[in-house]
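Spelled out from the first residue to the last, the chains are:
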Amino acid sequence: MEIINGRHTTRGQINYAVPDDLQLQRRIRRYHADHGVQHGDIVALALDAFLRAKGYPPALKPTRVDPS
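The shown structure was predicted, so the numbers you read here are calculated from the model rather than taken from an experiment.

Draft legend 1. Region of the structure containing a positive patch on the surface. On the surface, Arg26, Arg27, Arg29 and Arg30 cluster together into a positively charged patch. Relative to the helices and strands, Arg27 is located in helix H2 (residues 24-35).

Draft legend 2. Main features of the packing of H2 against helix H3 (residues 39-53). As a packed pair, H2 and H3 sit with axes 9 Å apart at the nearest point and diverge in direction by 110°. One way to sum up the angle between H2 and H3 is to call them roughly perpendicular. In the crossing of H2 with H3, the sense of the turn from one axis to the other is right-handed. Together, Ile28, Arg29, Tyr31 and His32 of H2 and His39, Ile42 and Val43 of H3 make up the contact between the two elements. Grouping the constituent residues of the contact of H2 with H3 by class yields four nonpolar, two polar and one charged.

Draft legend 3. Representation of unusual backbone geometry in the model. The backbone of Gln23 sits at a positive phi, close to 55°, despite the residue not being glycine. By the secondary structure assignment, Gln23 is in the loop between helix H1 (2-5) and H2.

Draft legend 4. Looking closely at the pattern of salt bridges. Within the structure shown, the criterion is met by two salt bridges. Of the charged contacts in the structure, one is a salt bridge between Arg11 and Asp41, with a shortest N-O distance of 2.9 Å. Here the residue Arg11 occupies a position in the loop between H1 and H2, and Asp41 occupies one in helix H3, the gap between them amounting to 30 residues. Judged by relative accessible area, Asp41 falls into the buried class, the value being 10%. Here Asp48 and Arg52 are joined by a salt bridge, their closest N and O atoms 2.7 Å apart. Of this pair, Asp48 and Arg52 both sit in helix H3, four residues apart, roughly one helical turn. The exposure class assigned to Arg52 is partly exposed, which follows from its relative accessible area of 44%.

Each value, and the rule that gives it
Residues numbered from 1 in each chain as written. Predicted model: local features only at pLDDT ≥ 70, side-chain atom pairs only at ≥ 80, totals over all residues. Heavy atoms only, no water. Patch = residues over 30% accessible without salt bridge, like charges linked within 9 Å, V, L, I, M, F, W, Y side chains within 5 Å. Areas by Shrake-Rupley, 256 points an atom, 1.4 Å probe, with all protein chains shown as cover. Salt bridge = Lys/Arg side-chain N within 4 Å of Asp/Glu carboxyl O. Lys, Arg positive; Asp, Glu negative; His and termini not counted. Charge placed at Lys NZ, Arg CZ, Asp CG, Glu CD. Helix = DSSP H or I, 4+ residues; strand = E, 2+ residues; numbered from the N terminus. Axes fitted to C-alpha atoms, helices over the stretch in contact; angles between N-to-C directions. Parallel < 35°, antiparallel > 145°, perpendicular 65-115°, else oblique. Left-handed = near helix turned anticlockwise from the far one by under 90°. Contact = heavy atoms within 4.5 Å. Nonpolar A, V, L, I, M, F, W, Y, C, P; charged D, E, K, R; others polar. Buried < 20%, exposed > 50% of the residue type's maximum accessible area, 1.4 Å probe, protein only.

Written out as structure tokens, the structure is:
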């Protein structure tokens, strides 16, 4: 959530064909309407949770500590 909510988070585009029968676009739009979470954030959170559960966590850079 820290990355998703970051003001200066760099974002990239991902485009994949998904089965229409899953109605993912409709369901994402409904979730956005109900909760206000942006479409890309919904997808990012879902994919991150799936990949972490399968043993593929992100290789995050350590955060820098301000020396002052």
